[in-house]
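Each chain, letter by letter, is given below.
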Amino acid sequence: MPQEIIAIYGPKGGVGKSSISANLSIAFAQLKKRVIAVDLDLGGANLHVLLGIKDYKYSLDDFILKKITDLSEALIPTQISNLKVICGGSQLPDIANLQYAQKVKIINHIIKLQSDIIILDLAAGSSFNVVDFLFIANKGFIITTPEITSLINVYSVIKTSVFRWLELFFRTKKNQELINLLQEAKDVKKNPHLATMDGFFKEASIIDIKIAEVAKNRVLKLKPLIIINRVQTKNDIAVGDVLHTLTAQYLGIGTDVIITIPEDDAVRNSIKIMIPTLIKYPISPFSLSIKQLALKVLNQLNTEGKVL
Ligand SMILES: Nc1ncnc2c1ncn2[C@@H]1O[C@H](COP(=O)(O)OP(=O)(O)OP(=O)(O)O)[C@@H](O)[C@H]1O
Ligand SMILES: [Mg+2]
């Protein structure tokens, strides 16, 4: 099986990114896959806690601070066989200023890690520290809760990711005019004709039809996968349709809800005692959803292309 990198991200703090990262990692490991969970929430690392780890020798910080030269030195075994974790740290003063070159270095080392599945637990929001890591993933799950405010934030995250991807792509093509057009498109009020992706690519084609076509085809292929967490009612499940309509209309890309996960006290209760939910409450509604997700992902592997 080729190595699969799955990014877990989302617009807001506290929506369950780390809980899902930790337990999905366990679910894959229980299905006999070699898994590495990487805590890339550089400012608020806590993935190791959710995996029941109290101490660790090295973390990602040590790699960034050059105390270790190879990221694999920061691999920490867990109590679950097949599952290792790279802990985040809290030694870095202002992680928001991580240089692009540093990110590229981290990315290059992550790609080299020996594993079947690598799960990236990303920070909340859509800063470049988040979306730049996103692009190494073969698959990305956007975690949201059902509130309408969260959904609007999801839309912004998708839009920012698409724009950042386009910016990096245009940069590699050294086309400053297209980069400038992207900047203009960010100001929707001033440039309403660039508000939709369709409008944007029309203008982009006038600048460089070849580059615009390649970029458009790539963007249209994106299909962000959504996980709606903490669902309580049937209406909560339906919010996925709202999101799909929004992204399809303005970005020209559809979203798919891959799974909904119910609100479940087992999550909080297990965190309190520092035992992963999947281990402490293996048949709780949360754990069953996570196991179902793991099976779904394994079934889908190798049958689809790269998604956001
Ligand atoms: N399905 C659920 N049912 C009940 N509680 C949940 C569920 N999912 C997450 N929680 C609770 O939400 C809180 C936040 O979860 P978590 O730390 O996983 O979120 P996060 O998105 O990683 O947050 P941050 O952005 O701060 O890193 C936790 O206390 C957890 O108990
Ligand atoms: Mg988190």
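Residues numbered from 1 in each chain as written. Chains lettered and ligands numbered in written order. Predicted model: local features only at pLDDT ≥ 70, side-chain atom pairs only at ≥ 80, totals over all residues.

**A look at the overall build of the protein**
Here is the rule: Runs of H or I in DSSP of at least four residues are treated as helices and runs of E of at least two as strands, each being numbered from the N terminus. Based on C-alpha atoms, the radius of gyration is set beside the globule rule, defined as 2.2 Å times the residue count to the power 0.38. Residue burial is a threshold on neighbouring C-beta atoms within 10 Å of the residue's own C-beta, all placed from the backbone, with 20 or more meaning buried, 12 or fewer meaning exposed, and counts in between meaning partly exposed. Each residue is represented by a C-beta atom placed from its backbone, and any two residues with such atoms within 7 Å are regarded as in contact.
Secondary structure summary: the protein contains 13 helices and 8 strands in total. In terms of overall size, the protein behaves like a compact globule, its C-alpha atoms giving a radius of gyration of 19 Å where 308 residues would be expected to give roughly 19 Å. Considering only C-alpha atoms, the protein reaches an extent of 55 × 50 × 35 Å along its principal axes. Here the protein holds 308 residues, and 42% of them are scored as buried. Contacts spanning at least 24 positions in sequence make up 74% of the contacts within the protein whose residues lie at least 6 apart.

**Describing the site of ligand 1**
Defined as follows: Whether a residue is near a molecule or strand depends on its C-beta atom, placed from the backbone, lying within 6 Å of it.
In the vicinity of ligand 1 lie 19 residues, with Gly13, Gly16, Lys17, Ser18 and Ser19 positioned nearest. At the level of elements, α1 (17-30), β7 (225-231) and α11 (265-272) are the ones that each hand at least two residues to the shell around ligand 1.

**Side note on the nonpolar core**
In a soluble, globular protein the nonpolar side chains are often hidden away together inside. Counted only if it meets this: A set of buried residues qualifies as a nonpolar core if it consists of Ala, Val, Leu, Ile, Met, Phe, Trp, Tyr and Cys joined through C-beta atoms within 7 Å. In this entry, domain limits derive from an automatic or database-based domain assignment.
Among the nonpolar cores identified, the biggest contains 85 residues, and Ala7, Ile8, Ala37, Ile119 and Leu120 are the most heavily contacted of them. The dominant element in this core, judged by the number of residues it contributes, is helix α6 (residues 148-172), at 8 residues. Domain assignment of the residues forming this core places at least three in each of domain 1 (4-146 + 223-245 + 254-300) and domain 2 (160-218). If near-sequence neighbours (up to four positions away) are discounted, Leu120 is found in contact with Ile5, Ile6, Ala7, Ile8, Val38, Leu40, Phe133 and Ala137.

**Brief notes about unusual backbone geometry**
One non-glycine residue, Asn82, lies in the positive phi region at around 80°. On the secondary structure map, Asn82 appears in the loop between β3 (75-77) and β4 (83-86). According to the C-beta neighbour criterion, Asn82 is partly exposed, with 19 such atoms within 10 Å. With a phi angle near 55°, Lys174 is a residue other than glycine that sits in the positive phi range.

**Focus: the sheet that holds strand β2 (residues 35-40)**
Inclusion rule: Any two strands are treated as partners once DSSP identifies two or more bridges connecting them. Note on geometry: axes are C-alpha line fits, over the in-contact stretch for helices, and angles between N-to-C directions span 0 to 180 degrees.
Read from one edge to the other, the open sheet built from 8 strands follows the order β3-β4-β2-β5-β1-β6-β7-β8, with strand pairing classed as mixed. Each having just a single partner strand, β3 and β8 (256-262) make up the two edges of the open sheet. Put simply, the sheet's adjacent strands are angled 25° from each other on average, direction ignored. Strand direction decides the pairing type here: β7 and β8, joined by 6 bridges, are parallel. Paired with Leu225 across the strands is Asp256, a residue of β8.

**Observations regarding the environment of Val154**
By the secondary structure assignment, Val154 is in helix α6. Looking at Val154, the number of C-beta atoms within 10 Å reads 26, which means it is buried. Filtering out sequence-adjacent residues up to four positions away, Val154 remains in contact with Pro11, Ile142, Thr144, Ile226 and Leu243.

**A word on the packing of α1 against helix α13 (residues 285-300)**
What counts here: Angle categories: roughly parallel below 35 degrees, roughly antiparallel above 145, roughly perpendicular from 65 to 115, and oblique for all the rest. Handedness of a crossing follows from how the near helix is turned relative to the far one, being left-handed for an anticlockwise turn of less than a right angle and right-handed for a clockwise one.
Running from amino to carboxyl end, α1 crosses α13 at an angle of 60°, the nearest separation of the two axes being 9 Å. Classified by the interaxial angle, the pair formed by α1 and α13 is oblique. Viewed along their axes, α1 and α13 form a crossing whose handedness is right-handed. Here Ile20, Asn23, Leu24, Ala27 and Phe28 of α1 come into contact with α13, specifically with Ser287, Ile290, Lys291, Leu293 and Ala294.

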